[in-house]
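Structural characterization, general
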Amino acid sequence: MIARLLDGLFPRFCPLCQGEPIGETLLCHACRTSLPKLPEGVCRRCGMLFPGELPEGCAICRRESRVGEGFFCPFVFQEPVDQLVTGLKFGDRTEWAALMGELWWQECGEALSRQAPDMVVPIPLHPWRLIRRRYNQSALLAREVARRLGVPLHSKALLRLRWTLPQTRLSRAERVKNLMGAFWARPAVVKGRTVVVLDDVMTTGATLQNAVATLYRAGASRVMIACFARTL
């Protein structure tokens, strides 16, 4: 009764088109069905783009031992998914984290649950960047994913030690160099555990792969990658 009363006083609208929402995602039917899903041709272990590779992983996964043990990402970073991501990240639409967490869960929750993770760890921001932005969008999304998985959120298990240039305007080689030595993980938290490291968007994969390697060096037994969207 209270929920119906609040809906009457403060009607909800689809955040993308202002239409009538359906279910807990708050998106209208047209916008929900228009979200572009991640196609085949993305490695389901590390998230790298290697079309036609074998199910056990891409060439990198079969050669390297310290890569992600699973890649859980539902959408492609293009319209209208990019509107949700940029609204949360740069537009102060922090309430969209719950919406995006529910969308992620509908697409990837069952598959990740079968992996029995112990915790969810967000990609951290440098403290100065966190002060400027006032929140970490990846941590907000990770909180929603952790809650639905029923596992702890450890937002301080992975730390960013040094300031790095924004990744958006760098090439892949520049991104890799930019992130060298940027992260440190707490062995007391992650040692022997199955960790899900989560970011909002994966572009070249440099940030997440660096985080995966850092978590393995700290003693994590398995590391899986989760994100809301992936660029192609």
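The structure we're discussing is the one just above.
**A short note on the nonpolar core**
Grouped together as the largest cluster of nonpolar side chains are 36 residues, with contacts concentrated most on Leu 27, Leu 84, Met 100, Leu 103, Trp 104, Val 120 and Phe 228. Every element with two or more residues in this core is listed here: helix H4 (81-90), helix H5 (96-113), helix H7 (137-149), strand S6 (194-202) and strand S7 (222-230). Broken down by element, the residue count for this core peaks at eight residues, all from H5. Each residue touching Trp 104, except ones within four places of it in the same chain, is listed here: Phe 72, Pro 74, Gly 109, Leu 112, Val 145, Ala 226, Cys 227 and Phe 228. Listed in part, the 32 residues of the second largest apolar core include Met 48, Val 67, Ile 123 and Ala 220.

**Digging into the environment of Arg 230**
Residue position: Arg 230 is located in strand S7. The exposure class assigned to Arg 230 is buried, which follows from its relative accessible area of 2%. Taking the C-alpha atoms as reference points, Arg 230 and Pro 74, separated by 156 residues in sequence, lie 8.3 Å from one another. Those residues in contact with Arg 230, other than ones at most four positions away along the chain, are Leu 38, Gly 47, Met 48, Leu 49, Phe 71, Cys 73, Phe 75, Val 76, Phe 77, Met 202, Thr 203 and Thr 204. A distance of 2.9 Å separates a polar side-chain atom of Arg 230 from the backbone oxygen of Gly 47.

**Thoughts on the pairing of S7**
Looking down a regular strand, the side chains alternate between one sheet face and the other. With eight of its nine residues buried, S7 lies for the most part within the structure. Where strand S1 (residues 71-72) meets S7, two bridges bridge the pair, whose relative direction is parallel. Bridge pairing links Phe 72 to Ala 226 in S7. Bridging between strand S2 (residues 75-76) and S7 involves two bridges; their strand directions are parallel. Its bridge partner lying in S7, Phe 75 is registered against Ala 229. This β-α-β element, S6 to helix H10 (residues 206-217) to S7, shows right-handed connectivity.

**Things to note about the pattern of salt bridges**
The final tally for this structure, using the stated rule, is eleven salt bridges. Between Arg 32 and Glu 107 there is a salt bridge, with the nearest N and O atoms lying 2.9 Å from each other. One end of the pair, Arg 32, is in helix H2 (residues 29-34); the other, Glu 107, is in helix H5, and 75 residues separate them in sequence. Assessed through its relative accessible area of 15%, Arg 32 is described here as buried. Given a relative accessible area of 29%, Glu 107 falls into the partly exposed group. The partner of Asp 200 in a salt bridge is Lys 89, and the shortest N-O contact between them spans 3.8 Å. Of this pair, Asp 200 sits in strand S6 while Lys 89 sits in helix H4, and the two are 111 residues apart along the sequence. Taken together, the shared-partner salt bridges in this structure form one network comprising Glu 102, Glu 144, Arg 147 and Arg 148.

**Focus: H4**
Within H4, the full set of buried residues consists of Val 81, Leu 84, Val 85, Gly 87 and Leu 88. Down the axis of H4, the smallest arc covering the buried residues is 165 degrees, so these residues share one side. Contacts made by the buried residues of H4 are with S2, H5, H7, S6 and S7. Positive phi appears at Asp 92, one or two residues downstream of H4, with a value of about 60 degrees.

**Some thoughts on the pairing of strand S3 (residues 119-122)**
Side chains Met 119 and Val 121 project from S3 onto one buried face, and the interleaved Val 120 and Pro 122 project onto a second face that is buried too. Direction of pairing for S3 relative to S6: parallel, over a ladder of four bridges. Across the sheet, residue Val 121 finds its bridge partner in S6, namely Val 197.

**Describing H10**
Relative to the 16 Å expected for twelve residues at 1.5 Å per residue, H10 spans 17 Å between its end C-alpha atoms, a close match to the ideal helical length. Burial within H10 is extensive, with ten of its twelve residues counted as buried. Positive backbone phi, approximately 105 degrees, marks Gly 219, located one or two places after H10.

Reading the values: rules and limits
- Residues numbered from 1 in each chain as written.
- Predicted model: local features only at pLDDT ≥ 70, side-chain atom pairs only at ≥ 80, totals over all residues.
- Heavy atoms only, no water.
- Core = buried A, V, L, I, M, F, W, Y, C linked by side-chain atoms within 4.5 Å.
- Buried < 20%, exposed > 50% of the residue type's maximum accessible area, 1.4 Å probe, protein only.
- Helix = DSSP H or I, 4+ residues; strand = E, 2+ residues; numbered from the N terminus.
- Contact = heavy atoms within 4.5 Å.
- Polar contact = N/O pair within 3.5 Å; in protein donor to acceptor, adjacent residues only side chain to side chain.
- Pairing = 2+ DSSP bridges.
- Right-handed = clockwise from strand over helix to strand, strands pointing away.
- Salt bridge = Lys/Arg side-chain N within 4 Å of Asp/Glu carboxyl O.
- Arc of directions from axis to C-beta.
- Expected span 1.5 Å × (residues − 1).

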